[in-house]
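Chains, contacts and geometry: an overview
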Amino acid sequence: MALDRLWIDPAKILIAGTWRDAEGGGRLPLENPSTGDGIGEIAAGTAADIDAAVAAARGALSGDWGRMTATERGRVLTRLGQLVLERVDDLAQIEATDVGKPLKQARADAVALARYCEFYGGAADKVMGETIPYLDGYTVYTLREPHGVTGHIVPWNYPMQIIGRSVGAALAMGNACVLKPAEEACLTALAFASLAEEAGLPPGALNVVPGLGEEAGAALAGHPGINHVSFTGSVGVGSLVQAAAAKNVVPVTLELGGKSPQVVFADADLDAALPFLVNAGIQNAGQTCSASSRILVERSRLDEVTSAMAARYRALTVGPATADLDVGPLISARQKEIVEGFLARSDDLETAATGSLAGNAPEGGHYVCPHLLANVPPDHSLARDEIFGPVQVIIPFDTEEEAIAIANGTDYGLVASVWSESGARQMRLAKALRAGQVFINNYGAGGGVELPFGGTGKSGHGREKGFEALYGFSSLKTVAARHG
Ligand code: NAD
């Protein structure tokens with residue numbers, strides 16, 4: 001699969017409206033995870049490039065971009081959403097090649113990117129302050145103002161969706177952005193930036209500097225000219241980013257990992273639950289922050305749920321992105337090694353079922369067949385640690401209290417779901433589960449760009465998506481006018 005659908009040079013960075021080489025001309029190799037073949041090079045952005053990008057963003061704020069009204073910003077984003085929709089097939093092909101995700105999943109990500117642009121385009125001029133009743137002789141009101149220059153550090157698993165939700169919201173609020181996509185997958189970030197130019201986004205409002213995390217990413221996180229950092233990625237790097245930003249006393253949004261449970265009670269509608277139980281674990285080969293990697297099942301239905309999930313697992317096929325099967329490759333040889341390392345520590349566990357590798361899967365691809373592990377003790381490392389691969393564990397429970405304790409018993413708290421026909425139980429669990437989102441009799445609610453998203457505990461802090469993101473990408477000013 002070649003990159004013939006890409007309409008820009010993948011080895012350039014974008015600063016102040018100019019596509020150019022990284023300072024010093026460094027490059028990084030680009031690989032197709034479905035084959036392991038090299039497919040080109042990207043720029044290795046440096047700290048000097050980040051300096052230039054931050055300066056360009058600052059310049060945009062005092063130039064055309066900073067002078068645009070909220071309505072005009074909204075129009076640019078809405079146009080951008082339209083351009084993304086027109087290029088959905090190209091973007092899906094590019095993402096499938098770069099990330100290895102099956103084409104239909106890559107397509108869904110491109111449509112979601114358009115939807116973020118539409119949502120934030122429409123919302124840009126609907127963010128309002130308040131008037132506050134106060135002392136006699138005063139009028140008090142609040143203004144929501146952009147932070148200024150926002151830094152966006154993005155991982156490789158859902159580049160388009162994460163760029164849409166963070167850059168889309170930041171631009172809607174009038175910030176100027178410096179985007180550091182992941183070195184493993186940055187092509188749709190560059191493509192998106194070129195569409196933003198076409199949509200009329202002024203130069204410097206969005207700058208894109210691909211490069212290594214420890215170089216370009218670290219330079220961005222700790223840059224004194226940045227006013228807010230939005231980081232999506234691992235817990236370890238997230239805490240480094242927060243520490244770097246703390247030196248400049250800059251707010252940070254951290255969207256980190258998860259070990260999200262689905263809790264299946266005896267009164268659940270299993271036919272309705274089954275597709276969600278499995279798909280939420282294997283989508284994007286399990287490389288999803290909100291993947292549901294733990295399935296908690298009330299013991300009286302344990303055998304039934306295990307065998308129904310196992311039947312679905314046995315029907316799963318793994319293969320190259322272009323074949324558009326159930327599961328694609330993992331992003332890299334390293335990620336494959338990590339996931340296989342976890343599986344090597346599952347000898348003491350019962351494997352209920354695995355998927356199978358398609359006969360035509362290229363040998364160099366980073367494939368791991370989905371694994372369903374049954375009867376897993378809640379304190380086992382596979383039941384506590386984020387694996388970030390197509391592995392789900394089934395954990396039995398006997399009482400509601402025990403289910404809540406197990407569900408809340410990891411360091412994470414991103415997403416959770418409850419399967420039960422009892423309204424009272426649904427309400428109790430919705431309150432008791434430690435997570436940024438709780439779903440009742442579904443999982444993920446179709447991804448909803450409108451729905452605030454983010455974690456508790458080691459899943460991070462701050463919220464993106466929905467209107468909440470607009471509040472996160474702005475600061476509140478209180479104006480108190482004394483007029484007698
Ligand atoms: P990662 O933390 O290794 O990398 C994420 C980004 O940080 C990349 O752009 C990388 O280049 C950059 N980076 C690396 N080192 C850096 C440093 N020292 N300073 C600044 N930036 C640096 O994460 P990953 O492996 O790419 O992504 C997987 C992780 O992301 C998983 O833990 C997953 O759960 C999480 N994730 C969370 C969400 C969410 O919304 N909560 C969404 C997607 C992924």
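Residues numbered from 1 in each chain as written. Predicted model: local features only at pLDDT ≥ 70, side-chain atom pairs only at ≥ 80, totals over all residues. Heavy atoms only, no water.

**Overview of the site of the ligand**
Heads up, the rule is: We call a residue near a molecule or strand whenever a single non-hydrogen atom of that residue lies within 4 Å of it. Two N or O atoms count as a polar contact when they lie within 3.5 Å, although within protein this holds only if one can serve as hydrogen donor and the other as acceptor, and sequence-adjacent residues are included solely when both atoms are side-chain atoms. Note on areas: Shrake-Rupley with a 1.4 Å probe; residue coverage comes only from the protein chains shown.
In the vicinity of the ligand lie 30 residues, with Arg 165, Glu 183, Ser 234, Leu 256 and Glu 386 positioned nearest. In the environment of the ligand, an oxygen atom lies 2.7 Å from a nitrogen or oxygen atom belonging to the side chain of Lys 180. A distance of 3.4 Å is found between an oxygen atom of the ligand and a backbone nitrogen or oxygen belonging to Gly 213. Burial of the ligand by the protein chains amounts to 89% of its free accessible area of 840 Å².

**Let's talk about the side chain of Ser 260**
Here is the rule: Strands here are runs of E lasting at least two residues and helices are runs of H or I lasting at least four, both read from the DSSP assignment and numbered beginning at the N terminus. Here a residue-residue contact requires only that any non-hydrogen atoms of the pair lie within 4.5 Å.
With respect to the element layout, Ser 260 can be found in the loop between strand 11 (252–255) and strand 12 (261–264). For Ser 260, the side chain forms a polar contact with the main-chain oxygen of Val 415, separated by 3.1 Å. With residues near it in sequence (within four places) discarded, Ser 260 still touches Ser 290, Ala 291, Ser 292, Ser 293, Arg 294, Leu 414, Val 415 and Tyr 443.

**As for the sheet that holds strand 18 (residues 391–397)**
Defined as follows: Strand pairing is defined by DSSP finding a minimum of two bridges between the two strands. Fitted lines through C-alpha atoms give the axes, limited to the stretch in contact for helices. The angle between two N-to-C directions lies from 0 to 180 degrees.
Reading across from one edge, 15-17-18-13-12-19-20 is the order of the seven strands in this open sheet, with mixed pairing throughout. Since the sheet does not close on itself, it has two edges, and those belong to strand 15 (350–354) and strand 20 (437–440), each with one partner. Adjacent strand axes in the sheet meet at a mean angle of 20 degrees when their direction is disregarded. Sheet analysis places strand 17 (residues 371–374) next to strand 18, joined by three bridges and oriented parallel. Across the sheet, the residue bridging to Leu 372 is Gln 392, located in strand 18. Of the strands in this sheet, strand 12, strand 13 (294–298), strand 15, strand 17 and strand 18 are in contact with helix 11 (residues 302–314), which crosses strand 15 at around 40 degrees.

**Notes on the pattern of salt bridges**
Quick note on the threshold: A carboxyl oxygen of Asp or Glu within 4 Å of a side-chain nitrogen of Lys or Arg is what we treat as a salt bridge. Each residue's exposure class comes from its accessible area (1.4 Å probe, protein chains only) as a fraction of the maximum for that residue type: buried when under 20%, exposed when over 50%, partly exposed otherwise.
One pass over the full model with this rule turns up 21 salt bridges. Linking Glu 118 and Arg 115 is a salt bridge whose minimum nitrogen-to-oxygen distance equals 3.5 Å. A residue pair is termed a helical-turn pair when its members lie 3 or 4 positions apart in one helix, as Glu 118 and Arg 115 do in helix 5 (residues 103–123) at three residues. A residue is classified by how much of its surface remains accessible, and Glu 118, at 29% relative accessible area, is partly exposed. One salt bridge in this structure joins Arg 299 and Asp 398, with 2.9 Å as the shortest N-O distance.

**Observations concerning the side chain of Ser 290**
Mapped onto the fold, Ser 290 is located in the loop between helix 10 (270–282) and strand 13. Under the relative-accessibility criterion, Ser 290 is labelled buried at 19%. In this structure Ser 290 touches Ser 260, Leu 414, Val 415, Tyr 443 and Phe 453, once residues within four positions along its chain are discounted.

**Quick word on the packing of aromatic side chains**
Where we set the bar: A pair of aromatic rings is counted whenever rings of Phe, Tyr or Trp (Trp by its six-membered ring) have centres within 6.5 Å, and the orientation is called stacked for planes under 30 degrees apart, edge-to-face for over 60 and tilted otherwise. Over a ring means this: the NZ of a Lys or the CZ of an Arg is within 6 Å of the ring centre and within 35 degrees of the ring normal.
Applying the stated rule across the entire model yields eight aromatic pairs. Here Phe 119 and Phe 467 contribute two aromatic rings whose centre-to-centre distance is 6.0 Å and whose plane-to-plane angle is 85 degrees, an arrangement assigned as edge-to-face. Of this pair, Phe 119 sits in helix 5 while Phe 467 sits in helix 16 (residues 466–472); the two residues are 348 residues apart in sequence, bridging distant segments of the chain. Taking relative accessible area as the criterion, Phe 119 reaches 15% and is therefore assigned buried. Each ring, one from Phe 439 and one from Tyr 443, has its centre 6.0 Å from the other, and the planes form 50 degrees; the classification is tilted. Judged by its relative accessible area of 7%, Phe 439 is buried. The buried category is assigned to Tyr 443, whose relative accessible area is 10%. Taken together, the ring pairs connect Tyr 116, Phe 119, Tyr 120 and Phe 467 into an aromatic cluster. We note Arg 425 situated over the ring of Phe 265; from NZ or CZ to the ring centre the distance is 4.1 Å.

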